[in-house]
Amino acid sequence: MATATEQAETIGHDWVQVGPASSLAATGRMHTCLQGRYVSVLKVKGQLTCIDSICFHAGGPLSLGDIEEVNGKTCLNCPWHNYKIDAFTGEKYYQSVTWQDGKMLPGEWKSNGPRHRIHQVESRPDGMIYVRLDSTPGEMPSDGYAFDAACGQRVLGTPNTAAGQAGATAGADGKRTATPGWLLSRLG
Ligand code: FES
């Protein structure tokens, strides 16, 4: 049986229509499953990117995470263990520490290198979004969970609304908790 990386290398040569660009309006995100691989299109500051939806670390719903600026990079913050993944390059960032007078202090942000596949994405004049899956040879850590249906359903099964995403990402170990009423009221 082919490994996930072997699967990744043998698919994705064609552009596939994934949905209307208008569906990015509510959250700036569109989640889909292409040839068994769970990917998410994000629109951040007017720019499109497409990244593997499921966190390489432990299968968390990375693409439902908050978007944060980390050292000038646009990152998804995985809701399970707060790994920071660059939404445009797939690199993982971590904050180093330094010691001063016996105290541990936060140091500079550093890259662990690419951990997630980034796929080609286009918005075309027909009003639709198209994706071509990355099939670059070689292992990428996100291949490990990319085809995992249970993990993928956490992303696809979440309403594509701000309230729905907030409700699905609470909980650090995959256990969803209900969105508090005060938060729902703010999310509208
Ligand atoms: S599952 Fe994403 S940081 Fe652990």
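Keep in mind that this is a model prediction, so the values were computed, not measured. (Residues numbered from 1 in each chain as written. Predicted model: local features only at pLDDT ≥ 70, side-chain atom pairs only at ≥ 80, totals over all residues. Heavy atoms only, no water.)

What about the overall build of the protein chain?
Item 1. When helices and strands are tallied, the protein chain shows five helices and 11 strands.
Item 2. Of the contacts made within the protein chain by residues no fewer than 6 positions apart, 53% connect residues no fewer than 24 positions apart.
Item 3. Surface exposure of the protein chain reaches about 9600 Å², of which carbon and sulfur atoms provide 51%. (Helix = DSSP H or I, 4+ residues; strand = E, 2+ residues; numbered from the N terminus. Contact = heavy atoms within 4.5 Å. Areas by Shrake-Rupley, 256 points an atom, 1.4 Å probe, with all protein chains shown as cover.)

Digging into the confidence of the model for the protein chain
Item 1. Mean pLDDT over the protein chain works out to 86, with 81% of the residues at or above the 70 mark.
Item 2. Low pLDDT (under 50) marks residues 171-188, which in the prediction has 26 contacts with non-local residues, meaning those over four places away or in another chain. (pLDDT = per-residue confidence, 0-100.)

Side note on a nonpolar patch on the surface
Item 1. Where nonpolar side chains cluster on the molecular surface, the patch consists of Val-97, Trp-99 and Met-104 and spans about 370 Å² of accessible area.
Item 2. Given a relative accessible area of 61%, Trp-99 falls into the exposed group. (Patch = residues over 30% accessible without salt bridge, like charges linked within 9 Å, V, L, I, M, F, W, Y side chains within 5 Å. Salt bridge = Lys/Arg side-chain N within 4 Å of Asp/Glu carboxyl O. Buried < 20%, exposed > 50% of the residue type's maximum accessible area, 1.4 Å probe, protein only.)

Details of the packing of aromatic side chains
Item 1. One pass over the structure, following the stated rule, counts one aromatic pair.
Item 2. Ring geometry for Phe-56 and Tyr-83: centres 5.8 Å apart, planes at 45 degrees, overall tilted. Of this pair, Phe-56 sits in the loop between strand 4 (47-52) and strand 5 (66-70) while Tyr-83 sits in the loop between strand 6 (73-77) and strand 7 (84-86), and the two are 27 residues apart along the sequence.
Item 3. The partly exposed category is assigned to Tyr-83, whose relative accessible area is 25%. (Phe/Tyr/Trp six-rings, centres within 6.5 Å; stacked < 30°, edge-to-face > 60°.)

Thoughts on the sheet that holds strand 5
Item 1. Taken in spatial order, the five strands line up as 5-6-7-8-9 in an open sheet, and their pairing is antiparallel. Edge positions in the sheet fall to strand 5 and strand 9 (103-114), since each has one partner strand and no second. Recorded for the sheet is a direction-independent mean angle of 40 degrees between the axes of neighbouring strands.
Item 2. Bridging between strand 5 and strand 6 involves five bridges; their strand directions are antiparallel. Looking at strand 6, one finds that Glu-68 is bridged to Cys-75. (Pairing = 2+ DSSP bridges. Axes fitted to C-alpha atoms, helices over the stretch in contact; angles between N-to-C directions.)

Remarks on the sheet that holds strand 1 (residues 16-20)
Item 1. Read from one edge to the other, the open sheet built from six strands follows the order 1-11-10-4-3-2, with strand pairing classed as antiparallel. Single-partner strands in this sheet number two, and they are strand 1 and strand 2 (29-34). In this sheet, adjacent strand axes meet at a mean angle of 30 degrees when their direction is disregarded.
Item 2. Pairing of strand 10 (residues 118-123) with strand 11 (residues 128-132), which is carried by four bridges, proceeds in the antiparallel orientation. The residue of strand 11 that forms the bridge with Val-121 is Val-131.
Item 3. The strands touched by helix 3 (residues 149-156) are strand 2 and strand 3 (37-44); relative to strand 3, the strand with the most contacts, the crossing angle is about 30 degrees.

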